[in-house]
There are 2 protein chains.
Amino acid sequence: MLPDDPRNDLKPADCQLWLDAALRFANTCRAAINAKVSSGFDVEVKPDNSLVTSADRAAEKRFREAVKAKFPDAGIIGEEFGAESPDADLQWVIDPIDGTSEFAAGIPLYGSIIGLFYKGMPVVGVLDHPSLDLRIHAAHGLGTWLRGERVRLADLPPGLDKTVARLSMPSRVSFLKAGEDGAREDEGHIFERLSAEFPNCRTFHTCYAHVCAAAGQVDAAVEWDTRLWDVAAAQVLIEEAGGAYRLLRKRPLADGGDGYSVVFGKPSMVERIARVIEPLC
Amino acid sequence: MLPDDPRNDLKPADCQLWLDAALRFANTCRAAINAKVSSGFDVEVKPDNSLVTSADRAAEKRFREAVKAKFPDAGIIGEEFGAESPDADLQWVIDPIDGTSEFAAGIPLYGSIIGLFYKGMPVVGVLDHPSLDLRIHAAHGLGTWLRGERVRLADLPPGLDKTVARLSMPSRVSFLKAGEDGAREDEGHIFERLSAEFPNCRTFHTCYAHVCAAAGQVDAAVEWDTRLWDVAAAQVLIEEAGGAYRLLRKRPLADGGDGYSVVFGKPSMVERIARVIEPLC
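Let us look at the structure shown here.

### With respect to the environment of B:Ser39
Turning to step 1, where the next piece is worked out: Checked against the element boundaries, B:Ser39 lands in helix H1 (residues 12-39).
Turning to step 2, where the next piece is worked out: In this structure, the C-alpha to C-alpha distance between B:Ser39 and B:Asp9, residues 30 residues apart in sequence, is 45 Å.

Quick look at the structure:
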């Protein structure tokens, strides 16, 4: 941690209190999602062609109510309802259902992403997967925890063959974007290069990939042009597990907001991937 | 079904009896796998660099014992212990753990594949996912069933945009093979072409992709140079759900046995994929 890192101000008790709250907020989201799974939910196509359901909206609403009750001065940034109090030191970030298309299709890898940032630095991260009954969490200085056990990432063995190293990749569709003039921008060559260099690849297309990276079940994960809420938990989960998190590119997207392209996982795998991809960014 | 299809000889009661047996065999495999998950298991690297665990072996052994007790004259073909009675009309085929690398890594998408063939034609298929508590099954003439509900695949809407149609792809590593002379044969261009034509792609790297295809959670799945046991359940699961199954290529692999490259799912998606890939085979 750098000397001017604002997290130097924090006490472990602050982080523990925030973590405990984040875990309760994750319970709130899970209950809202499971209620909609039981009762049935509506699916709509958003202007950017992604999906949203009444479960996404219900979970984010419940989350916002819970945050405001406990932290009335904190900011909130969410996928479905925008930003509140954007200048506050503490910012709660949520993607109520990451992988809405999988959720709507009945694939259980969707999950809720909850992150807390203090003066721009990540301090708490939770991924909760209701259908898998799976949760991973981390807080600054307090470690990363999966099913009650602390996670510590081992690095890759030196010289591990590239056909063995395990990469979680974005779907190729994540490399297609609407450009400034409405024309389609296609960075499929980056998808091809990544898969050629690391052919033992998986594509889950949800934050389940972040669980796998933080738990060492894949050696690294790449995300491309994702939003802040998509990676809100990843950095603290990875760094508290002893892994590396690298921002490859941040740029404004044509439909508003910034796109984050990142790689995270075991340190030497992150280094190998960054060497391949950074020259293409 | 063609007039000379040997399954024309069968009565529904035959298929029901075999299906009931297959479901019991799936219970046997699941119990063997879960016992090893509880007690711990050993992992070994096989000569082809794939993994095998003591759980794979235990599940296949229990399966073989159960088949022999109930169907002493039937043949058995399994990933771990080869073929027995290869000339019998009835052939039970098993991959005790498809996705052993995921199983060993703690990713819950691995599953058992059980198929029954009568005079070379598929009559029963079961996919069982112990960690997901998920099973899908089908029998000739009796439909495909997921969680107690019959599955009927709707076709794709005509003209569905290629960025929306959902494809399950093999990992790129599946397109790399040891050639006859030990040199590496690389069909990565087929992976690239598939992903370029159908960019909304997922890669699960286990038979969970077959559940998704049979249940319509993806629009089609492709497998490349897989073994008979890898696709032992897929054809009957797909066809009984009203989908299409197409063999793109069958060829002998350098390390022995045949490699099957197949596409299956919603009929018009299978047709679109075959048009792209067959010229490359």
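From this point on, the discussion continues.
### Some details on the interface of chain B and chain A
Turning to step 1, where the next piece is worked out: Contacts between chain B and chain A engage 30 residues on the former and 30 residues on the latter.
Turning to step 2, where the next piece is worked out: Of the roughly 2,500 Å² buried between chain B and chain A on both sides combined, carbon and sulfur atoms contribute 56%.
Turning to step 3, where the next piece is worked out: Inspection of the chain B/chain A interface yields four salt bridges.
Turning to step 4, where the next piece is worked out: The interface formed by chain B and chain A holds 21 residue pairs in polar contact (both at pLDDT 80 or more) in total.
Turning to step 5, where the next piece is worked out: Among the secondary structure elements, those contributing two or more residues to the side of chain B that touches chain A are helix H3 (100-105), helix H4 (188-197), strand E14 (201-202) and helix H5 (208-214) of chain B.
Turning to step 6, where the next piece is worked out: No other element matches the four residues that H4(B) contributes to the side of chain B that touches chain A.
Turning to step 7, where the next piece is worked out: Here the residues of the side of chain B that touches chain A are counted per class, giving 14 nonpolar, nine polar and seven charged.

### What to know about the pattern of salt bridges
Turning to step 1, where the next piece is worked out: According to the stated counting rule, one finds 48 salt bridges over all chains in the structure shown.
Turning to step 2, where the next piece is worked out: Put simply, B:Glu44 and B:Arg57 hold a salt bridge, and the shortest N to O gap is 3.0 Å. Here B:Glu44 is found in strand E1 (residues 43-45), whereas its partner B:Arg57 is found in helix H2 (residues 54-70), with 13 residues between them in sequence.
Turning to step 3, where the next piece is worked out: On the basis of relative accessibility, which here comes to 28%, the residue B:Arg57 falls in the partly exposed class.
Turning to step 4, where the next piece is worked out: Of the charged contacts, one joins B:Arg251 and B:Asp225 as a salt bridge, the two residues approaching to 2.5 Å between their closest N and O atoms. Of this pair, B:Arg251 sits in strand E16 (residues 244-252) while B:Asp225 sits in strand E15 (residues 220-226), and the two are 26 residues apart along the sequence.
Turning to step 5, where the next piece is worked out: Assessed through its relative accessible area of 17%, B:Arg251 is described here as buried.
Turning to step 6, where the next piece is worked out: Look at B:Asp225 and you get buried, because its relative accessible area is 5%.
Turning to step 7, where the next piece is worked out: A cluster of three or more residues bridged by salt bridges with shared partners is formed by A:Glu185, A:Glu187, A:Asp225, A:Arg249 and A:Arg251.

### Considering the relation of the copies chain B and chain A
Turning to step 1, where the next piece is worked out: Superposition of chain B onto chain A requires a rotation of 180° combined with a translation of 0.0 Å along the rotation axis, giving an RMSD of 0.0 Å. Such a combination of turn and shift is consistent with a two-fold rotation axis. Among all residues of chain B, the minimum C-alpha distance to the rotation axis is found for B:Thr203, at 2.3 Å.
Turning to step 2, where the next piece is worked out: Comparing interface residues between copies, 100% of those in chain B also lie at the interface in chain A; the contact surface is shared.

### Thoughts on the nonpolar core
Turning to step 1, where the next piece is worked out: Among the nonpolar cores identified, the biggest contains 73 residues, and A:Phe204, A:Tyr208, B:Phe204 and B:Tyr208 are the most heavily contacted of them.
Turning to step 2, where the next piece is worked out: In this view, B:Tyr208 contacts A:Ile107, A:Pro108, B:Leu109, B:His129, B:Leu132, B:Leu134 and B:Gln217; residues no more than four positions away in its chain are not counted.
Turning to step 3, where the next piece is worked out: Among the nonpolar cores identified, the runner-up in size contains 42 residues, and A:Leu167, A:Met169, B:Phe175 and B:Phe198 belong to it.

### Some details on the side chain of A:Thr206
Residue and element names in this part refer to chain A.
Turning to step 1, where the next piece is worked out: Positionally, Thr206 belongs in the loop between strand E14 (201-202) and helix H5 (208-215).
Turning to step 2, where the next piece is worked out: Given a relative accessible area of 3%, Thr206 falls into the buried group.
Turning to step 3, where the next piece is worked out: Reaching out from Thr206, the side chain makes a polar contact with the backbone nitrogen of Tyr208 at a distance of 2.9 Å.
Turning to step 4, where the next piece is worked out: If we ignore the near neighbours within four places in the chain, the residues touching Thr206 are Asp98, Gly99, Glu102, Leu109 and Tyr110.

### Considerations on the sheet that holds strand E11 (residues 167-168) of chain B
All names here are of chain B.
Turning to step 1, where the next piece is worked out: With respect to topology, five strands assemble into an open sheet ordered E14-E11-E15-E17-E16, the strand pairing being mixed. The sheet is open, and its two borders are formed by E14 and E16, each paired with just one other strand.
Turning to step 2, where the next piece is worked out: Strands E11, E15, E16 and strand E17 (258-265) of the sheet are contacted by helix H7 (residues 267-277), whose axis makes an angle of about 30° with E16.

### Digging into the environment of A:Ala274
All names here are of chain A.
Turning to step 1, where the next piece is worked out: Here Ala274 is to be found in helix H7 (residues 267-277).
Turning to step 2, where the next piece is worked out: Judged by relative accessible area, Ala274 falls into the buried class, the value being 1%.
Turning to step 3, where the next piece is worked out: Spatially, the C-alpha atom of Ala274 lies 19 Å from that of Leu153, the residues being 121 residues apart in sequence.
Turning to step 4, where the next piece is worked out: Apart from residues no more than four positions distant in its own chain, Ala274 is found in contact with Arg246, Leu248 and Pro279.

### Some remarks on unusual backbone geometry
Negative phi values dominate among residues other than glycine, just as trans dominates among peptide bonds.
Turning to step 1, where the next piece is worked out: Phi at A:Lys119 is positive, roughly 45°, even though this residue is not glycine.
Turning to step 2, where the next piece is worked out: As for its placement among the helices and strands, A:Lys119 is situated in the loop between strand E6 (111-118) and strand E7 (121-129).

### Observations concerning the packing of H4(B) against H7(B)
All names here are of chain B.
Turning to step 1, where the next piece is worked out: Two elements in contact, H4 and H7, have axes separated by 10 Å at closest approach and are oriented at 140°. Judged by the angle between their axes, H4 and H7 are oblique. In this structure, the crossing between H4 and H7 has a hand that is right-handed. Each of Ile190, Arg193, Leu194 and Glu197 in H4 lies in contact with H7, whose residues at this interface are Ile273, Val276 and Ile277.

### A short note on the pairing of E15(B)
All names here are of chain B.
Turning to step 1, where the next piece is worked out: With seven of seven residues buried, E15 lies mostly within the body of the structure.
Turning to step 2, where the next piece is worked out: As paired elements, E11 and E15 share two bridges and run parallel to each other. Bridge assignment links Leu167 to a residue of E15, and that residue is Ala220.
Turning to step 3, where the next piece is worked out: Of the strand pairs in this sheet, E15 and E17 are connected by five bridges, and their pairing is antiparallel. If you follow Ala220 over to E17, its bridge partner there is Gly265.

### Description of the packing of aromatic side chains
Turning to step 1, where the next piece is worked out: Per the stated rule, a full pass over the model turns up 25 aromatic pairs over all chains.
Turning to step 2, where the next piece is worked out: Among the aromatic residues, ring-to-ring pairing joins A:Phe175, A:Phe191, A:Trp224, B:Phe175, B:Phe191 and B:Trp224 into one connected group.

Scoring rules and cut-offs
Position labels on residues start from 1 in each chain and follow its written sequence. All chains are assigned letters beginning with A, and all ligands numbers beginning with 1, in the order in which they are written. Predicted model: local features are reported for residues with pLDDT of at least 70 only, side-chain atom pairs are reported and counted for 80 or more only, and whole-chain, interface and lining totals are derived from all residues. The side-chain quantities take in all heavy atoms of the structure and omit both hydrogens and water. Note on conventions: DSSP H or I runs of at least 4 residues are helices, E runs of at least 2 residues are strands, and numbering of each starts at the N terminus. Contacts were defined at the residue level, with two residues in contact if any of their heavy atoms lie within 4.5 Å. Buried area: the accessible surface (1.4 Å probe) lost by two parts on joining, summed over both. Here, a salt bridge means any side-chain nitrogen of Lys or Arg that lies within 4 Å of a carboxyl oxygen of Asp or Glu. The definition of a polar contact used here is a pair of N or O atoms within 3.5 Å, where within protein one atom must be able to donate a hydrogen and the other to accept one, and adjacent residues in sequence count solely through side-chain atom pairs. Under the grouping applied here, Gly and all other residues not named as nonpolar or charged are polar, the nonpolar ones being Ala, Val, Leu, Ile, Met, Phe, Trp, Tyr, Cys and Pro and the charged ones Asp, Glu, Lys and Arg. Only protein chains enter the calculation, and the probe is 1.4 Å; a residue is then buried if its accessible area is under 20% of its type maximum, exposed if over 50%, and partly exposed in between. The copies were overlaid by least squares, fitting only the C-alpha atoms of residues that reach a pLDDT of 70 or more in each copy. Remark: nonpolar core denotes a set of buried residues (Ala, Val, Leu, Ile, Met, Phe, Trp, Tyr, Cys) joined through side-chain atoms within 4.5 Å. Here a strand pair is declared whenever DSSP counts at least two bridges between the two strands. Helix axes are fitted only over the stretch in contact, all axes being lines through C-alpha atoms; the angle between N-to-C directions runs from 0 to 180 degrees. Roughly parallel here means an angle under 35 degrees, roughly antiparallel means over 145, roughly perpendicular means 65 to 115, and every remaining angle is called oblique. Left-handed describes a crossing whose near helix is turned anticlockwise from the far helix by less than a right angle; the clockwise case is right-handed. In this analysis, rings of Phe, Tyr and Trp, with Trp reduced to its six-membered ring, are considered paired at centre separations within 6.5 Å, and the interplanar angle assigns stacked below 30 degrees, edge-to-face beyond 60, and tilted for intermediate values.

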